[in-house]
Structures are given as structure tokens and as C-alpha cells.
Amino acid sequence: MADFYIRSATALDRVLRDECSVKAAASVHADSGRVLALLINALAYRSALLAALDAARVLKLEAKVFTILAPPPKSKNDKPKQKQKADKKELKEVASAEAMCLVLCHDLLFQSRGIQASKTWPPKVALEKYRSSLHSALVKMQIRQGKARIQDLRSGALYHEMTARMPRWIRINSLRATRDEVLAWLAEHSYTQVETDGIGGVKEFAVSRHVQGLLAFHPKATSALLQTEMYRDNWIVMQDLASCFPAYILDPPADAQVVDATSAPGNKTSHLSAIMFAKSSRRIGQSEGKVVAFERDAVRYKTLVKRLAAVGALAKDGTTGNVVPERRDFLTTNPTDFGEVTHMLLDPSCSGSGIVNRLDFLKEDDDVDELEDTVAAETGETKLQRRLRQLGEFQLLMIRHAFKFPALRKVVYSTCSVHAQENESVVIRALHSEEADKFGWRLAPRSEVIPTWPVRGDPDACGEEKDVAENVIRCIPGGKGEGDKPHVEACNGFFVACFVKHAPTKRPLEEEQDAAPTGNSANRKKKLQKRRQKQRLAQQA
Ligand SMILES: C[S@@+](CC[C@H](N)C(=O)[O-])C[C@H]1O[C@@H](n2cnc3c(N)ncnc32)[C@H](O)[C@@H]1O
């Protein structure tokens, strides 16, 4: 049991050194779920616990007991025991005294069973001596801060409320099962369908009123759902409501040629494939439409392929899938090589600031203000501003590249960011780009972009262009309103815009021809005619 605390403290150190996310730090351990839970709690109470430890002078008086060192290396040349003792200072620290104290202190004060380790384990013996002084330090803090309970000293309470409000969304994977099959399975296993705002228990679910084939369960139903054969057999995919918007809005016909420009891990890609399959009369082995899925990162590409195969979306003989993954940077593609592509999903890398359960807020106590305040002397920009500016430039570049695909009719752009610099501002700049003007791109009207969704773009971020705000979608992290009851419009922070192409005032090839000097060779004319014919065919398709 002592090992569990050492693992948790090591993970905590990694998070505090900013080496990785909270989830990643826990995930390397076999008992990752338990480590994650303790990590979250230790981080949430960190400020309060550190103040209490400081008041009781624990770290000053007992630092040695809480410093966990790596065992000495075992080799043929092992030094005799006495010599090892002398070299103790040179041994590497496995966990810092502070991290060790935090994880133990959490269990000592907030777990009814206290520290789960042998009675004689020195760190446990040492900390238990301070139990009453640590507790009274917390009570003093609680009173000073005007909180009702010691538990209210936990940071990120608002985020916990938000997470509690967010249902566990599942998407019916039509590549593996029909809606009727999933509903029958749920009925057989005593799940009941309730009204959209009444998911009271773990055996209840509601149907999304905005996206077909999407069901909302109580967040506490997650672990039970993860253990069902329905999940294991990929009849269902755990996917947030907002993340289902892009493919649902793109809505490609069964026989369309589609590109997902930025695909991994592939939830939206497989959603696209499922939508196309559900519309088609396609049977195993018959090919119709296709989704080319680009991903530039090698590791993420592997995940993408694995995921697509698992949910039946990979194009392989004898399967339902129609996705062809390609490890490639979308920006290196030549649009004219994709003359038949009519629909595109563009969900590029973003700040991820809308994701509620990223757990980053646990470290915000110290980090956010620092981030906001660190202004680079040369540019006058904060770190955050610089990052958002760079992301915005990259996202704009991706949209402008997408606009060049000759037969493309519809592009859905999305981010899981709450920042206008990655959302409305990028969309407005894209609409004013040379490519939008040349090829006739505009925003699809609200009537084509889930009109029932109540939260639209931020009008303040749109300046004069109020119609932009109306035509795009925003999701507020954790949904609108307050309280901790699951709510069927609660999801991660998200943004979606749908661009459509209408006939350009002047077709690009005519422009090319107009611009060409008189006396062009017959060869060049022939080439132009051929390309024009190809373009016409593609537009008719
Ligand atoms: C937000 S994630 C996409 C999530 C995905 N749509 C889903 O729903 O599972 C963005 C992905 O785009 C990839 N990416 C970023 N720039 C790219 C580029 N220029 N070409 C291809 N992939 C890119 C990133 O590596 C990352 O995996």
C-alpha cells in the first residue's frame, strides 16, 4: 500500500513540474484509476493542504521521513551495506517530500479510513502525529474564508459542477449496430428513456434533440457502460455532444468523396463514415463514397488507424468502412489532385480551452495568472496571446488551403476552443481571404447549421458582421446555467462554422485565360479546355 502513495507522489511531481497532464501522469501506472483519483484530490486541495502543512511545520521538522529515495542499484559490484548508507545523499529522489506529504495528508484528513499503509510505515507514523494540528489549521482557514465546510476549500468547485452537469454522451455507431438494436439492448438491461432534462439515475437516458443517434446518460453511468458488450463490440462510441456536430452538419451523401483534413484520433472521421453508411444501400464489399483521412503525426496516425478498424470505418474488402487514412500533412496536398472531393471536415489543432475535464484547472491556482501576466518585453504580448495568435494563423492557413479544392462544396471548421481568436476571428478572416473571394465561399445560413442549437457565435467578436455570429455555433463549457444536475445541452466548449461555395462571379479558369498573353500556343489552349471540362464535370457531380 505504501507503494501506491509513492506512485501517486511521483505522478504528482511530474504534473507539478509540467512534464505532462494529470491523466498522462496517472496512466503509466497499473492502478491508474486510483492514482488519478488521488492526484485530482491532492491537486484540488493543494493550496489548503500546503498552508496547513506550513502552519504545523511538518515539512520543516520531518522532511527526511517524507523524502523517498530510489533503492540502490543492484549489480555484481554492489557495495557493502555500510558503504551504501554513506552514499545515501547521492541516491535519486523518487518523490519529493512535498508531493509525498500532499498525497498522504489528503487521505489522512479526507478519507474515512485514513492512510492505507502499514501501521509502522515511517511516513504514516510521522504524519499521524500532526493530525489534530493539521485539521485545526484547515478549520481556521475555512472560517477565515467564510466557507461552510472544510470540503469547500477544494479549488475548481465550479468545474466539478460543470462536469457533473455534462451527461455521458454516447453515439450509436451505425457501422456496427442499428438504433433499434441499441435501444433494444438498453431496454433488456433495464435502462429507461426519460425526457431530455430528467436524467436522474444511472439507469436512465435521454435522446439528443439536436443530433440523431446520440444518447445522454448520467455521468455516473460511465463505468457501467464501459463494461457492457455493447461498448466492447463498438456498437456505441463515447463521444461528446459538441464533437458530433461537425460530421452531422457536413452530412455528406452516401456516394460523396470526402476529406477529413485533420483526423486523429478519428471520432469525427468514423462519425462521417457512419453517416454515409446509414444513408447508403451499400452492402459489404460494395464501394460507394469515400473518406480520405489525413493525419500528420506518426503516433496519432497509428491511433487513428486502430480506432477506425475497431469501429468498422476502415475501408477494407469485406467491411462496412469507407475511410482511407493517409499519414500526411494536409498543407502539402495539391488540391487539384482531389478533383472529386465535395465535402471536407477541418478540425485542426487548437488551444483545447473548451475541454472541461482536461483537469488543467487543477493547476490554475498558480499558472493562469502567471500566464496572463508574462508579457514579452519586445511584443507586449502575453504568452497566451502569442499562442492564440499563432494558432489563429495556422487555422486560417488550413481553411484557405481547403478553399482551393476545386470541386469542394462544403467545409465544416471546428475547434474545441473558447477563444474568439481561434473561432469568429478566424472565420471572418477566412471569409475575407483571396480564396473565398476567388472561389465564392460564404457561410451557410443558420437554417443549415443545427438551427435549434440555442447558443450562436459571440456578437462582440464579430464587429459589424453580425450575421457571422448568427450562422455559427458555440457551446459553452459545461452548458448554460448553473447547478450540478445532468443537462442534455451540456457539453464541452466548442465552435463550429460551415462554409459553402456558391458559383463564383468569374470562374478561375476564365480568369487564367483572360490573364494569359495573346498568342498562346495551341497546346496551352487544349490543356485549359481539358481542365475546364474536368472542372465542369466535377461541379455537376
Ligand atoms: C483536434 S485534433 C482532431 C481530432 C479529430 N477530428 C477527432 O474528432 O478525433 C487535430 C489533429 O490534426 C492533426 N494535424 C494538425 N495539423 C495537421 C496538418 N497540417 N495535416 C494533417 N494533420 C494535422 C493533429 O496532429 C491532430 O491529431
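Parameters and conventions
Residues numbered from 1 in each chain as written. Predicted model: local features only at pLDDT ≥ 70, side-chain atom pairs only at ≥ 80, totals over all residues. Heavy atoms only, no water. UniProt positions renumbered as here; feature names shortened; annotations may be inferred. Pairing = 2+ DSSP bridges. Helix = DSSP H or I, 4+ residues; strand = E, 2+ residues; numbered from the N terminus. Contact = heavy atoms within 4.5 Å. Axes fitted to C-alpha atoms, helices over the stretch in contact; angles between N-to-C directions. Polar contact = N/O pair within 3.5 Å; in protein donor to acceptor, adjacent residues only side chain to side chain. Near = heavy atom within 4 Å. Areas by Shrake-Rupley, 256 points an atom, 1.4 Å probe, with all protein chains shown as cover. Nonpolar A, V, L, I, M, F, W, Y, C, P; charged D, E, K, R; others polar.

Under an unreviewed UniProt entry, the name given to the protein chain is S-adenosyl-L-methionine-dependent methyltransferase, and the source organism is Pseudozyma antarctica. Of the protein chain, the UniProt comment under Sequence similarities (unreviewed entry) reads exactly: "Belongs to the class I-like SAM-binding methyltransferase superfamily. RsmB/NOP family."

Visitor: Explain the sheet that holds strand S4 (residues 192-193) residue by residue, including any values.
Guide: With respect to topology, 5 strands assemble into an open sheet ordered S4-S5-S6-S3-S7, the strand pairing being mixed. Both edges of this open sheet fall to S4 and strand S7 (236-238), since each of them pairs with a single strand only. Relative to strand S6 (residues 214-217), strand S3 (residues 168-172) runs antiparallel, the two sharing 4 bridges. Bridge assignment links Arg168 to a residue of S6, and that residue is Phe217. Running over the sheet, helix H11 (residues 179-188) touches S3, strand S5 (204-207), S6 and S7 and is turned about 20° from S6.

Visitor: Help me get a handle on the UniProt feature "binding site: S-adenosyl-L-methionine" (unreviewed entry) in the protein chain, residues and values and all.
Guide: In the UniProt entry, the feature "binding site: S-adenosyl-L-methionine" (unreviewed entry) is given for Glu295, Asp329 and Asp347. Of the residues just listed, which span 53 residues, no C-alpha pair is farther apart than 13.5 Å, and they cluster in one region. On the secondary structure map, Glu295 appears in strand S9 (residues 290-295). Discounting chain neighbours no more than four positions away, the residues touching Glu295 are Thr262, Ser263, Ala264, Arg300, Tyr301, Leu304, Glu326, Arg327 and Arg328. Along the chain, Asp347 turns up in the loop between strand S11 (343-346) and helix H17 (364-373). Polar contacts involving the side chain of Asp347 include one to the side chain of Lys268, which spans 2.8 Å.

Visitor: Quick one: what's the story with the site of the ligand, residue by residue and with numbers?
Guide: Near the ligand there are 20 residues, and of these Lys268, Glu295, Arg300, Asp329 and Asp347 occur at the shortest range. At a separation of 3.4 Å, an oxygen atom of the ligand approaches a polar backbone atom of Pro265. For the ligand, a nitrogen atom lies 2.7 Å from a polar atom in the side chain of Asp329. In the complex, 92% of the free accessible area of the ligand, which totals 600 Å², lies under the protein chains. Counting residues per element, the ones that place at least two in the shell around the ligand are helix H15 (267-279) and helix H18 (383-402). Among the residues forming the shell around the ligand, the class breakdown is 7 nonpolar, 5 polar and 8 charged.

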